[in-house]
Amino acid sequence: MSTAAVAGKRTSTLQGASLPKWSPYAIVGGSIVLGVAIGLAAGLDSKVQWGLIAGLLYVFGTYGIAARVEGSRQAKDRVATSLVWVAFVIAVVPLVSLIWVTISRGVKVLDVYFLTHSMGVVADSQPGGGAYAAIIGSLEQVGLATLIGAPIGILTAVYLVEYGRGRLAKSVTFFVDVMTGIPSIVAGLFILSIMLIFNMEPFGFAGSLALAILMMPVVVRSTEEMLKLVPNELREASLALGVPKWRTILKVVLPTSIGGITTGVMLAVARIAGETAPVLLLVFGNPFINNNPFEGAQSSLPLFIYQQYANSAGANAAYDRAWAASLTLIAFVMILNLVARGIARWKAPKTGR
Amino acid sequence: MSKRIDVSGLTAYYGSHKAIDDISMNIEPRTVTAFIGPSGCGKSTFLRTLNRMHEVTPGGRVEGKVLLDDENLYGAGIDPVSVRREVGMVFQRPNPFPTMSIFDNVAAGLKLNGNFKKSELGDVVEKSLKGANLWNEVKDRLNKPGSGLSGGQQQRLCIARAIAVEPKVLLMDEPCSALDPISTLAIEDLIGELKERFTIVIVTHNMQQAARVSDRTAFFNLAAVGQPGKLIEIDDTERIFSNPSVQATEDYISGRFG
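None of the values given here were measured: they were computed from a predicted structure.

This next bit is on the overall build of chain A. When helices and strands are tallied, chain A shows 14 helices and zero strands. If you list the helices and strands of chain A from N to C, you get α-α-α-α-α-α-α-α-α-α-α-α-α-α. In terms of overall dimensions, chain A is more spread out than a globule: its C-alpha atoms have a radius of gyration of 28 Å, far above the 20 Å expected for 353 residues. Judged by the C-alpha coordinates and their principal axes, chain A covers about 85 × 70 × 40 Å. Looking at chain A as a whole, 35% of its 353 residues are labelled buried. Partitioning the intrachain contacts of chain A with sequence separation of at least 6 by distance along the chain shows that 72% fall at a separation of at least 24.

Right, dumping it as structure tokens:
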């Protein structure tokens, strides 16, 4: 399609020349073919390079063609759209590849036996065994951390939004921001230093304490945002009925925002479920089943994955177990997310007639 | 059960900014008093000082006296929460609680305060909804969320919620400004009925509305932007709209101002 031909069809000043609807797809196809051709011709080994060349060709090709046919304003618009698409692909490719690799390698040994048995006396280099001890450890440690971290976090957020004025509130906000940046290993070392003072052996609850420290700022931040979203009119309506402030918060503000708060807590749980460093320091790892988080070393899923990988001495059986445990962990976090979304949808303020 | 209000020398601040200056007036029981005046003249602020909602705003504080049947609302040892149970309020935008059903919205005042008998709750809700002329429209869907009603119905739901706790005085802050003419008419009729039981104070920007619903009208004005608002005059509505004693009132009502 030439510029002249398109220009000739113009009938109104409001109607400009435009590319046909299929043109973006054609440009994508063309740039992929060109990218592959250039990659092959130049003898580039890495498919990533091919992809990047195709992406650049797509962005510049879009601009060139659109600028020729439609003018520079529309060309800029199309470039912005194409950049969004390229960024989207760049973000999605690693994600899909990670899930794909984890699933394809993880399903090899992931079965009921794996989920219900622990390593026990199975050597790391031998096949068999499972992650039961690690699953129990993860559930208990993360559960206890949530029991400690979520209420403190939510109450802190309630203070900041509903009561906090002046210097105390500002400093609490500041320290919450600082806590968000604490590396997990530092939280682990903090609890470890206390354990060393009292001469204690590693146990599951120590890990929970470190995880609770990591969880709190995330809960505070997300809950704060949710509470700020509650319209002030609802608070005033309740106060004007002669309801005391604490009851207003408990019966009006929190129920209105409970969906968002739940989502925030679940995201925080997902974040700490994958923490390895504090668990390594404080819980130590244990091939045997230990149901008691308050005494004796436990295991946990991230720790299990690390130990299977590090202690395997190259044995395939251990690698398979590590992948299967990774898949279990991802599934665990995903189920939590789905549950959170379900709760958020169920509890969200209703608008139906 | 309505009570009289006597305000003397009332001044309200937002932080260091003086919003209204030295206002005194008497409001008789079983009457409707309308506040009119330009935006920013402090009518809403003054209304909110009558049930101590003003101090809910950060930095809000009040000097002067508000007597509710000879008891000073700003006296020592007065609990603002108890004041608000005596003096109810309806807001500009309808604000039903989104997590609650229609029934729970009306019962909210009683339920949240915890002083109710379960057997009486149904009667109170029915009586309040009938009082707000909403019963026939919602009696078949009391368990549906209140936010599903139309704007006018929501506002009447809010009125039902306010009268369910049996206040002595009902404050209304531009209750019809977000509503269409038909819903407005419904609320105005309702105000006429409610004044048999409550002392009603209403802020409005609609002068015809003030003329239609009120017995007495107070005109507020401010000298300039940033200056505190003042009470120019309060008189019988008929007199304010026919023969006001202050020139500024006549200018405002007839549209000659500024």
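Our next topic: the overall build of chain B. Scanning chain B from terminus to terminus reveals ten helices and ten strands. The C-alpha atoms of chain B give 18 Å as radius of gyration, which agrees with the globular expectation for 258 residues (18 Å, within 12%). With the C-alpha coordinates aligned to their principal axes, the bounding extent of chain B is approximately 55 × 45 × 30 Å. A burial count over chain B gives 48% of its 258 residues as buried. In chain B, the proportion of contacts linking residues at least 24 apart, taken out of those at least 6 apart, comes to 68%.

Moving on to the domain arrangement of chain A. Residue and element names in this part refer to chain A. Parsing chain A into structural domains produces domain 1 (15-106) and domain 2 (116-347). Of the residues lining the interface, four residues belong to domain 1; the matching set on domain 2 comes to five residues. Within the side of domain 1 that touches domain 2, the residues separate by chemical class into one nonpolar, two polar and one charged.

Contacts between the two partners involve 26 residues from chain B, matched on the other side by 22 residues from chain A. Within the residue set of the side of chain B that touches chain A, elements represented by two or more residues are α2 (80-86), β6 (87-90) and α3 (102-113) of chain B. Residue classes in the side of chain B that touches chain A are distributed as twelve nonpolar, nine polar and five charged.

Attention now goes to the environment of A:L19. Residue and element names in this part refer to chain A. Relative to the helices and strands, L19 resides in the loop between α1 (3-8) and α2 (23-42). In this structure L19 comes out as partly exposed when scored by C-beta crowding, with 19 C-beta atoms within 10 Å. Along the backbone, L19 and A66 are 47 residues apart, and their C-alpha atoms lie at a distance of 7.3 Å. In contact with L19, other than residues within four places in its own chain, are A66, V69 and E70.

Turning our eyes to something else, we now look at helix α3 (residues 47-69) of chain A. Residue and element names in this part refer to chain A. Spanning 23 residues, α3 covers 32 Å between terminal C-alpha atoms, matching the ideal 33 Å at 1.5 Å per step. Of all the residues in α3, the buried ones are I53, A54, G55, L57, Y58, T62, A66 and V69. Remark: G71 follows α3 within two positions and exhibits a positive phi of approximately 100 degrees.

Residues and elements named next belong to chain A. The geometry of α3 relative to helix α4 (residues 72-106) is characterised by a closest axis approach of 8 Å and an angle of 160 degrees between their N-to-C directions. Classified by the interaxial angle, the pair formed by α3 and α4 is roughly antiparallel. As for the relative orientation of α3 and α4, their crossing is right-handed in sense. Touching G55, Y58, V59, T62, Y63, A66 and A67 of α3 are S72, Q74, A75, R78, V79, S82, L83 and V86, all from α4. Considered class by class, the residues forming the contact of α3 with α4 number nine nonpolar, five polar and one charged.

The next point concerns the packing of helix α11 (residues 245-273) of chain A against helix α14 (residues 316-347) of chain A. Residues and elements named next belong to chain A. It is the contact of α11 with α14, at a shortest axis distance of 8 Å, that shows an interaxial angle of 175 degrees. Our classification of the angle between α11 and α14 gives roughly antiparallel. Contacts between α11 and α14 involve I258, G259, G260, T262, T263, M266, V269, A270 and A273 from the first element and L329, F332, V333, L336, N337, A340, I343, A344 and K347 from the second. Residue classes in the contact of α11 with α14 are distributed as twelve nonpolar, five polar and one charged.

Our next topic: the nonpolar core. If you look at the biggest cluster of nonpolar residues, it comprises 137 residues, and the most contacted ones within it are A:M215 and B:L170. Top contributing element to this core by residue count: helix α9 (residues 204-229) of chain A, with 14 residues. Dropping the residues within four chain positions of it, A:M215 is found in contact with A:A145, A:T146, A:G149, A:G153, A:A268 and A:I272. By size, the runner-up hydrophobic cluster in this structure holds five residues, among which are A:I27, A:I53, A:L57 and A:Y58.

Residues and elements named next belong to chain B. Pairing of strand β1 (residues 5-14) with strand β2 (residues 17-27) involves seven bridges; the strand directions are antiparallel. Bridge pairing links Y13 to K18 in β2. With antiparallel pairing between neighbouring strands as the criterion, β1 and β2 make up a hairpin whose turn holds two residues, including G15 at a positive phi of roughly 60 degrees.

Okay, the confidence of the model for chain B next. Here chain B shows a mean pLDDT of 90. Residues at 70 or above account for 99%. Taken together, the chains of this predicted complex give a pTM of 0.84 and an interface ipTM of 0.89.

Residue and element names in this part refer to chain B. Look at helix α4 (residues 118-131): 20 Å from first C-alpha to last across 14 residues, which is about the 20 Å you get at 1.5 Å a residue. Residues of α4 that are buried sit in contact with α3, α5 (135-138) and α6 (151-164). Backbone geometry just after α4 places N133 at a positive phi near 55 degrees.

Right, let's get into unusual backbone geometry. Residues and elements named next belong to chain B. For R30, which is not glycine, the phi dihedral falls at a positive 55 degrees. Take R30: it is sitting in the loop between β2 and β3 (32-36). Despite not being glycine, R52 shows a phi value in the positive range, around 60 degrees. For R52, the position within the fold is in the loop between α1 (43-49) and β4 (60-68).

Our next topic: the environment of B:D235. Counting through the fold element by element, B:D235 comes out in strand β10 (residues 229-236). Remark: the alpha-carbon pair of B:D235 and B:S8, spanning 227 residues in sequence, is separated by 16 Å.

Residues and elements named next belong to chain B. Relative to the helices and strands, L68 is located in strand β4. Between the C-alpha atom of L68 and that of S44, which follows or precedes it by 24 residues, the distance is 19 Å. When residues no more than four places from it in sequence are discounted, the contact partners of L68 are K3, I5, L73 and E86.

For the rest of this paragraph, the subject is the confidence of the model for chain A. Residues of chain A with pLDDT of at least 70 account for 95%, and the chain-wide mean is 89. Here residues 1-5 of chain A scores under 50 on pLDDT; set against residues more than four positions off or in separate chains, the count is three contacts.

The rules behind these values
Residues numbered from 1 in each chain as written. Chains lettered and ligands numbered in written order. Predicted model: local features only at pLDDT ≥ 70, side-chain atom pairs only at ≥ 80, totals over all residues. Helix = DSSP H or I, 4+ residues; strand = E, 2+ residues; numbered from the N terminus. Rg over C-alpha atoms; globule rule 2.2 N^0.38 Å. Buried ≥ 20, exposed ≤ 12 C-beta atoms within 10 Å, placed from the backbone. Contact = placed C-beta atoms within 7 Å. Domains from an automatic or database assignment. Nonpolar A, V, L, I, M, F, W, Y, C, P; charged D, E, K, R; others polar. Expected span 1.5 Å × (residues − 1). Axes fitted to C-alpha atoms, helices over the stretch in contact; angles between N-to-C directions. Parallel < 35°, antiparallel > 145°, perpendicular 65-115°, else oblique. Left-handed = near helix turned anticlockwise from the far one by under 90°. Core = buried A, V, L, I, M, F, W, Y, C linked by C-beta atoms within 7 Å. Pairing = 2+ DSSP bridges. pLDDT = per-residue confidence, 0-100.

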